[in-house]
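# Survey of secondary and tertiary structure
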Amino acid sequence: MPQDVVDLHRFYASSTGQAARRLIRRRLRLMWSDVRGMRVLGFGYATPYLRPFIGEAERVMAFMPARQGCVHWPAGESNHVALTEETMLPLPDSSVDRILLVHLVEHSDSMRRLMRECWRVLTPNGRIVVVTPNRSSLWSWSEQTPFGFGHPYSVSQLQNLMRENMFLPVQHSRALFMPPTQRRFLLRWSQVCENVGSRLFKAFAGVSIVEAGKQLYASTGTPARKRRLVHIPVTVPPLRPAEGNHQHRTQYVLSSEGQDELSSHLADEPTDDRAT
């Protein structure tokens, strides 16, 4: 069940949410180090991670699904947010250079339609980044954060998901190695936990991050073998009148050629001189 936009906004306003935003944003910035002149789209609840791209990208947009709701963003500036259905983006084909999906994939009931819609609006050289809760992390077990809801994914599962929907994974990352806590002592050491965890405890990261490119020519797999028709002889019994119908007679309609052949055949047969 997806969380309401009010719950998401409240989480990112907390100390835990601010730490999570800072750590995930750092990973995203390493992937997208230069977006000058590009059009960036965040879908789901991606506004906490889009702020660094404003002023650098040509345009930054944030779409939020209708069942989640939306809020004005950025605060004190003109609105960049639109409410839309996740399978019907109000954009033309190949109109976006970068797409960021956060708090969306793990809640989607129409995964294939969602990914195909993202594929449609992405430019041929564009990139898409998906952020989901990691299956083996403490964050996916804690309902105190938005990462504890929905269907979690490991990095390999997320990569397979992208391949199945005509995207080609190019790189991946992980983030949130600190435990989901509100204790200030642990939050101060969040960056230390991130550095140590990224080297020694990769499987326990809070989120999985996968970047993929648009696959223009999808593989259809092994070519199907050509079908060959096989003729099987079947013995068909002759038709007979139904039992009990002794007056039934089969009538034959012969053409003029058939009548001539029948007459010549009867004329060639020897006559029987025996008395009847």
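Before reading on, note that the structure itself is shown above.
Definitions and cut-offs
- Residues numbered from 1 in each chain as written.
- Predicted model: local features only at pLDDT ≥ 70, side-chain atom pairs only at ≥ 80, totals over all residues.
- Heavy atoms only, no water.
- Helix = DSSP H or I, 4+ residues; strand = E, 2+ residues; numbered from the N terminus.
- Buried < 20%, exposed > 50% of the residue type's maximum accessible area, 1.4 Å probe, protein only.
- Contact = heavy atoms within 4.5 Å.
- Areas by Shrake-Rupley, 256 points an atom, 1.4 Å probe, with all protein chains shown as cover.
- Arc of directions from axis to C-beta.
- Salt bridge = Lys/Arg side-chain N within 4 Å of Asp/Glu carboxyl O.
- Phe/Tyr/Trp six-rings, centres within 6.5 Å; stacked < 30°, edge-to-face > 60°.
- Lys NZ or Arg CZ within 6 Å of the ring centre and 35° of its normal.
- 1 Å grid on protein atoms, 1.4 Å probe; cavity = no way out; pocket = protein on both sides within 12 Å on 5 of 7 lines; lining within 4 Å.
- Points joined across faces, edges and corners; volume = space filled by probe spheres on them.
- Nonpolar A, V, L, I, M, F, W, Y, C, P; charged D, E, K, R; others polar.
- Patch = residues over 30% accessible without salt bridge, like charges linked within 9 Å, V, L, I, M, F, W, Y side chains within 5 Å.
- Core = buried A, V, L, I, M, F, W, Y, C linked by side-chain atoms within 4.5 Å.
- Pairing = 2+ DSSP bridges.
- Axes fitted to C-alpha atoms, helices over the stretch in contact; angles between N-to-C directions.

A word on the overall build of the chain. The helix and strand inventory of the chain stands at seven helices and seven strands. Taking all 276 residues of the chain together, 41% fall into the buried category. In the chain, once contacts between residues fewer than 6 apart in sequence are set aside, the share between residues at least 24 apart is 68%. For the chain, the accessible surface area stands at approximately 17600 Å², while carbon and sulfur atoms represent 52% of it.

Another aspect to go through is helix 4 (residues 155–164). Every buried residue of helix 4 is listed here: Val155, Leu158, Gln159, Leu161 and Met162. The buried residues of helix 4 occupy an angular sector of 155° when the element is viewed end-on, so they sit on one face. In this structure, the buried side of helix 4 is in contact with helix 3 (111–121), strand 5 (122–133), strand 6 (167–175) and strand 7 (207–214). Immediately downstream of helix 4, the backbone of Met166 shows phi near 65°, a positive value.

Side chains that carry opposite charge are capable of pairing whenever their charged atoms lie near each other. Here the structure, examined in full by the defined rule, presents 10 salt bridges. Across the salt bridge formed by Arg27 and Glu194, the nearest N and O atoms sit 4.0 Å from each other. Of the two residues, Arg27 is situated in helix 2 (residues 15–31) and Glu194 in helix 6 (residues 190–200); the sequence distance between them amounts to 167 residues. Between Arg36 and Asp34 there is a salt bridge whose closest N-O contact spans 2.9 Å. What emerges from the salt-bridge pattern is a single network uniting Arg67, Glu86 and Asp109.

Remark: the centre distance and the inter-plane angle together describe each pair of aromatic rings, the angle taken between the planes. Inspection of every chain in the model, using the stated rule, returns seven aromatic pairs. Seen from their ring centres, Trp32 and Phe53 are 5.8 Å apart, and the 55° between their planes marks the pair as tilted. Of this pair, Trp32 sits in the loop between helix 2 and strand 1 (39–44) while Phe53 sits in the loop between strand 1 and strand 2 (59–65), placing them 21 residues apart in sequence. Ring pairs connect the aromatic residues Phe11, Tyr12, Tyr45, Tyr49, Trp139 and Phe147, which therefore count as one cluster. A cation over a ring is seen here: Lys214 above Trp119, with NZ or CZ 4.2 Å from the ring centre.

Counted as a void, the largest pocket has a volume near 250 Å³. Taken together, 14 residues form the lining of the largest pocket, with His9, Arg21, Tyr45, Thr47 and Trp73 sitting closest to its centre. Where the lining of the largest pocket is concerned, the elements lending two or more residues are helix 1 (5–13) and helix 2. For the lining of the largest pocket, the element with the highest residue contribution is helix 1, accounting for three residues. In terms of residue class, the lining of the largest pocket is built from eight nonpolar, three polar and three charged. Roughly 220 Å³ of internal volume is contained in the second largest pocket. If you go around the second largest pocket, you meet 13 residues; those closest to its centre are Phe11, Ser14, Gln144, Thr145 and Gln182.

To continue, consider empty space enclosed by the protein. With a probe scaled to a water molecule rolled over the atoms, the places where space remains empty come into view. A full pass over the atoms with the stated rule returns one cavity of 30 Å³ or more. Approximately 90 Å³ is the volume found for the largest cavity. Lining the largest cavity are Pro2, Gln3, Leu8, Pro65, Arg67, Gln68, Glu86, His103, Leu104, His107 and Pro146. Here the residues of the lining of the largest cavity sort into five nonpolar, four polar and two charged.

This part takes up a nonpolar patch on the surface. Together, Phe185, Trp189, Val192, Val196, Leu200, Phe201 and Phe204 make up a nonpolar patch on the protein surface, roughly 750 Å² of accessible area in all. The dominant element in the nonpolar patch, judged by the number of residues it contributes, is helix 6, at three residues.

Burial of nonpolar side chains together is a common tendency in soluble globular proteins. With 36 residues, the main nonpolar core has Ile24, Leu50, Leu100, Phe147 and Ile209 as its most contacted residues. Of all elements in the fold, only helix 1, helix 2, strand 2, strand 4 (96–102), strand 5 and strand 7 reach the threshold of two or more residues within this core. For this core, the leading source of residues is helix 2, giving six residues. Other than its neighbours up to four places away in sequence, Ile24 contacts Tyr49, Phe147, Ala175, Leu176, Val207 and Ile209. In terms of nonpolar packing, the next biggest core, distinct from the first, is built from 27 residues, Leu122, Val130, Tyr153 and Val210 among them.

Ordered by their spatial adjacency, seven strands build an open sheet running 3-2-1-4-5-7-6, and the pairing between neighbours is mixed. A single partner strand is all that each edge strand has here, and the edge strands are strand 3 (81–84) and strand 6. Neighbour to neighbour, the strand axes of the sheet diverge by 20° on average, direction disregarded. Bridging between strand 2 and strand 3 involves four bridges; their strand directions are parallel. What sits directly across from Pro65, in strand 3, is Thr84.

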